[in-house]
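As a plain string of letters, each chain reads:
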Amino acid sequence: MELDVRHLRVLCAIADTGSLRKAALQLGMTQPSLTTQLHRIERAIGGTLFTREQTGSRPTPLGHSVLSRARPVISEMAALVAAARQEARDAAGPGRQRRLRIGSVGSRAVAAWLRRVHERLPDTDTTIHVDSASALLRMVAADQLDVAFVHESEGFPLRVPPDAEHRVLMAREPQFVALAAGHPAAARPVVHLADLAEDTWMVDPTADHEYAAMRRVFSEAGVNPRVVQVRDNATAAELVASGEAVRPCQPTSLPGPGTVVRPVHGDPLAVRLLFTWRRRALSPPALDALYGELRAAYLDLAKVNPAYLAWLARHEPVLLGRTQGVS
């Protein structure tokens, strides 16, 4: 078998996620097929590229060597494709319908942001792609997206492509917790991790580093609750409402039937919110407008949640002031 760029992307996905399962999710493959692909690549190279441990898959010395050469190849290929597509767009002439490709992680702000963009740019063909942060950043680098809204778990920085830029929407967004309305801690305006140490916690296995970030926070707090991975939001909501589990949630989240959403004391679970784009994808005024619409959509959601609005008033008063204006 001869290696090509898609094989190199497989190796980088495994290295970036540290897991064959997570890499398979990002690449849209099953884990058995990805494992088979990796074995074929290793046979073609003639050596083992990853070792499988309890904590995940780690590159061997040979794997590190191959990865160090693979990443520039992938970057150059992305640059080649981006340049060719730009030339094709230029050759199509000014009469060609404008196109805007937006990416986002799962967020309640997505729908409001997209609505605002449609209102601002009614003659633009605007599309939305929702995926994990790592997958979105790869799509930005490969000129498959123009801009993306991503979350970065605290302590687990994302690998931002070298030809991408970003602006910080929030340097530290707290994660609240959803729990059953009948939970003993639900009566408190702010809960402590110790209040939920005996509960089962849920995480989304497709969210970048959420599980690892949660485990780090628990370790630092000296608690060790059971953690399960649930991908389906409807199932997760039912488990919370029934009192079977609790789960972290975005602070803009509204409580579902039979549940409440509460801040966590000290905000130990936090993410950074980034607006990212590929260089030269859009003009600076267009990028400023898109960022402004995202920011406005996000703050509109924050105002609906009294607990988060109070948090912002304490921690980000300037952010709120710029949106509300002087009255």
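Please refer to the structure higher up on the page.
Residues numbered from 1 in each chain as written. Predicted model: local features only at pLDDT ≥ 70, side-chain atom pairs only at ≥ 80, totals over all residues. Heavy atoms only, no water.

(A) Here's a closer look at the overall build of the protein chain. Counting its secondary structure elements, the protein chain contains 11 helices and 12 strands. Taken over the C-alpha trace, the protein chain has a radius of gyration of 22 Å; the compact-globule value for 327 residues is 20 Å, and the two agree within 12%. Referenced to the eigenvectors of the C-alpha coordinate spread, the extents of the protein chain come out at roughly 60 × 55 × 30 Å. Looking at the protein chain as a whole, 46% of its 327 residues qualify as buried. Taking all contacts inside the protein chain whose residues are at least 6 apart in sequence as the whole, residues at least 24 apart take part in 72%. Here the protein chain has roughly 16,400 Å² of accessible surface; of this, 53% comes from carbon and sulfur atoms. Charged side chains in the protein chain number 39 positive and 34 negative. The centres of these two groups are separated by 2 Å. (Helix = DSSP H or I, 4+ residues; strand = E, 2+ residues; numbered from the N terminus. Rg over C-alpha atoms; globule rule 2.2 N^0.38 Å. Buried < 20%, exposed > 50% of the residue type's maximum accessible area, 1.4 Å probe, protein only. Contact = heavy atoms within 4.5 Å. Areas by Shrake-Rupley, 256 points an atom, 1.4 Å probe, with all protein chains shown as cover. Lys, Arg positive; Asp, Glu negative; His and termini not counted. Charge placed at Lys NZ, Arg CZ, Asp CG, Glu CD.)

(B) Region of interest: the packing of helix α9 (residues 284-304) against helix α10 (residues 306-315). Axis separation between α9 and α10 bottoms out at 5 Å; the angle between their running directions is 115°. Viewed along their axes, α9 and α10 adopt a mutual orientation that is roughly perpendicular. In contact with Y298, L299, A302, K303 and V304 of α9, α10 contributes P306, Y308, L309 and L312. Among the residues making up the contact of α9 with α10, the classes are represented as 8 nonpolar, no polar and 1 charged. (Axes fitted to C-alpha atoms, helices over the stretch in contact; angles between N-to-C directions. Parallel < 35°, antiparallel > 145°, perpendicular 65-115°, else oblique. Nonpolar A, V, L, I, M, F, W, Y, C, P; charged D, E, K, R; others polar.)

(C) Just the packing of helix α1 (residues 5-17) against helix α3 (residues 31-45), in detail. Relative orientation of the contacting elements α1 and α3 amounts to 115°, with a least axis distance of 11 Å. Taken together, the axis directions place α1 and α3 in an arrangement best described as roughly perpendicular. When you trace α1 past α3, the crossing you get is left-handed. Along its contact with α1, which presents R6, H7, V10, L11 and I14, the element α3 presents L34, Q37, L38 and I41. Grouping the amino acids of the contact of α1 with α3 by side-chain chemistry returns 6 nonpolar, 2 polar and 1 charged. (Left-handed = near helix turned anticlockwise from the far one by under 90°.)

(D) The arrangement of the side chain of S57 in detail. As for its placement among the helices and strands, S57 is situated in strand β2 (residues 56-59). Sequence-distant contacts of S57, defined by excluding residues within four places in its chain, comprise I14, G18, S19, L20, F50, T51 and R52.

(E) Spatial organisation of the sheet that holds strand β10 (residues 247-249). Reading across from one edge, β10-β7-β11 is the order of the 3 strands in this open sheet, with antiparallel pairing throughout. The sheet terminates laterally at β10 and β11 (259-262), the two strands that pair on one side only. For this sheet the average axis-to-axis angle between neighbouring strands, irrespective of direction, equals 35°. With 4 bridges connecting them, strand β7 (residues 176-180) and β11 associate as antiparallel partners. Bridging across to β11, L179 finds its partner in V260. (Pairing = 2+ DSSP bridges.)

(F) Structural detail: the packing of aromatic side chains. Counting across every chain of the model gives 8 aromatic pairs. Plain terms: the ring middles of W113 and F149 are 6.4 Å apart, the flat faces sit at 85° to each other, and that makes the pair edge-to-face. Taken as a pair, W113 in helix α5 (residues 109-120) and F149 in strand β5 (residues 147-153) lie far apart in primary sequence, 36 residues in all. The same class applies to W113 as to F149, namely buried. Where F275 meets W277, the ring centres are 5.7 Å apart and the plane angle is 45°; that geometry is what we call tilted. Following the ring pairs from residue to residue traces out a cluster consisting of W113, F149, F275, W277 and Y291. Positioned over the ring face of Y291 is R167, at 3.8 Å from the centre of the ring. (Phe/Tyr/Trp six-rings, centres within 6.5 Å; stacked < 30°, edge-to-face > 60°. Lys NZ or Arg CZ within 6 Å of the ring centre and 35° of its normal.)

(G) Expanded view of the sheet that holds strand β4 (residues 125-130). Read from one edge of the open sheet, 5 strands run β4-β3-β5-β12-β6, paired in mixed fashion. The open sheet has two edge strands with one neighbour each: β4 and β6 (164-174). Direction aside, the axes of adjacent strands within the sheet are offset by 20° on average. The pairing of β6 with strand β12 (residues 270-278) spans 8 bridges and is antiparallel. Paired with E173 across the strands is V271, a residue of β12. Where α5 meets the sheet, its contacts fall on β3 (99-104), β4, β5 and β12, and the angle it forms with β3 comes to roughly 165°.

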